[in-house]
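Each chain is listed here by its residues.
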Amino acid sequence: MNEKLFGTDGVRGVANLAPMDSETVMRLGRAAAHVLRRSRGHHRILIGKDTRLSGYMLETALASGITSMGVDVLLVGPLPTPGIAYMTKSMRADAGVVISASHNGYEDNGIKFFGGDGFKLADQTEAEIERLMEPGHLDELRAVPGLIGKAARIDDAIGRYAVFLKEAVSREISFEGLTLALDAANGAAYKVAPLVFQELGAKLSIIGDEPNGTNINDQCGSLYPQAVANVVVQNKTALGIAFDGDADRVIICDENGKVIDGDLILAILAHDWIKRGKLKSKTVVGTVMSNYGFEKSLAKLGLSLARADVGDRYVLAEMQKLGANLGGEQSGHVIALDHNTTGDGILTSLLVLEAMRRADRPLSDFHRLIERFPQVLLNIAVTRKIPFMDLPKVSKVVAAAEKKLKDRGRLLLRYSGTESKARVMVEADDQLICQAIAQEVAEVVQAELAATA
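Cut-off values and rules
- Residues numbered from 1 in each chain as written.
- Predicted model: local features only at pLDDT ≥ 70, side-chain atom pairs only at ≥ 80, totals over all residues.
- Heavy atoms only, no water.
- Buried < 20%, exposed > 50% of the residue type's maximum accessible area, 1.4 Å probe, protein only.
- Helix = DSSP H or I, 4+ residues; strand = E, 2+ residues; numbered from the N terminus.
- Arc of directions from axis to C-beta.
- Contact = heavy atoms within 4.5 Å.
- Pairing = 2+ DSSP bridges.
- Axes fitted to C-alpha atoms, helices over the stretch in contact; angles between N-to-C directions.
- Core = buried A, V, L, I, M, F, W, Y, C linked by side-chain atoms within 4.5 Å.
- Salt bridge = Lys/Arg side-chain N within 4 Å of Asp/Glu carboxyl O.

Here's the deal with helix α5 (residues 157-167)
- For α5, the set of buried residues is A157, Y161, A162, F164 and L165. What you see down the axis of α5 is that its buried residues fit within an arc of 160°, all on one side.
- As for α5, its buried residues are in contact with β3 (72-78), α3 (81-90), α6 (192-199) and α11 (345-359).

Following this line, the structure appears as structure tokens:
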């Protein structure tokens, strides 16, 4: 194992190739079981997944590794990532595991862990798991035959999670008569999301609810909001809601099919919560990608925007540091910390609907909350992630770009934590300037990385 296994959101890779092969995942299960089990008492770890074909293979391998260490496994089946976080905490399990590659195509898969408190693992805990995966470290710690763990299925996980979600909506708020378009991305939310909205009284037009193992995120879900927007316009619904494959994020569109991203979702909730005295610390946590217009909209309310690095774990860390209860990313990964320990797409959409019903206004009215600065984001495929400071031509073009943008915008250059991509983001008061600078930087990055290959 020459490369770091854990990225910013667990372990990711192509299904049936290391590290997402049965052999590696079994070792991962063994190491995680040893590190995450409590010192005393009966040990249990939940395993949930999305709808990818490879989930069956990896679920079996993971359960085999965990039970070999004398820890029982509770198999939840397809359930959103935040559902596993909630179930882990509510069932007082030692840990929870999600088998999912989130918004990626079906060819990929991933594994992420939650501790018994429902929060994702600290970096040092992941490092310890990774260390113990090396050959020989756990051989003498396997359970004796009489203490091998058991695996059992939990049949009512969807119902338990649905009850939790419905209880997040104030009882004086009714969704009766509300028409919604819903895109479950052929992923983990395909059963529970329609159930929740229908039981709260909404009438649904549903797409992306027929998973076959290979169609998860396929031209549907939060990465392709036009699919649900088309349904909104065609069926004249009040809004549209699109989740990603593991439903920890959501993108919403208004009654006209216009997209509402994570920045505007946070602005809607901040405006609603500050009126109701729910927003803590007078701060909302965003990321370095959050639009400057969002920051200005919060300032008008006397609120601050704290910027974290991209990635929900960094948003959460900043929220905990500042005592904030609302944070998230443009991607629609929103953390409402009073309700759940991680981003929850279904929960987020329910809270937005509640804010809309309280205001008694159509969703399109909320666009006025943010006067956006033009923003351009370019993605560059990479084979290696060489630090940008070690690339002289990149450093030079970045310095020149920052000089041009002084007092009127900003440049962000970073590698993705979950994909083999470099991302160039430019934000300024002029769209043409954004596009020109982003293109120039992207071309230099691509050329210099190619030259060092």
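Let us keep going from here.
A short note on the sheet that holds strand β10 (residues 250-253)
- In space, the five strands of this open sheet follow the order β8-β7-β9-β10-β11, with mixed pairing throughout. Across the chains shown, the open sheet's two edge strands, defined by having one partner strand only, are β8 (203-207) and β11 (259-260).
- Summarising the sheet, β10 and β11 pair through two bridges and their orientation is antiparallel. When the sheet's bridge partners are listed, C253 is paired in β11 with V259.
- Along the sheet, helix α7 (residues 226-235) contacts β7 (179-183), β8, β9 (239-243) and β10; its crossing angle with β7, the most-contacted strand, is approximately 155°.

Digging into the nonpolar core
- Formed by 67 residues in total, the largest nonpolar core has its most connected members in F197, F243 and I346.
- When near neighbours in sequence (up to four residues on either side) are disregarded, F197 contacts L180, L182, A202, L204, I241, F243, I346, S349, L350 and L353.
- With 31 residues, the next largest nonpolar core counts L5, L36, A61 and M69 among its residues.

Regarding the pattern of salt bridges
- Using the criterion set out here, one finds 31 salt bridges in the structure.
- Between D9 and R12 there is a salt bridge, with the nearest N and O atoms lying 3.6 Å from each other.
- Taking the relative accessible area as the measure of exposure, D9 reaches 9% and is therefore buried.
- For K280, the salt bridge is made with D338, and the minimal N-O distance between the two is 3.1 Å. Linking K280 in the loop between α8 (262-275) and β12 (283-287) with D338 in the loop between β15 (334-336) and α11, this pair joins segments that are 58 residues apart in sequence.
- Taking relative accessible area as the criterion, D338 reaches 39% and is therefore assigned partly exposed.
- When salt bridges with common partners are traced through the structure, they connect D9, R12, K112, K120, D246, D248 and D312 into a single cluster.

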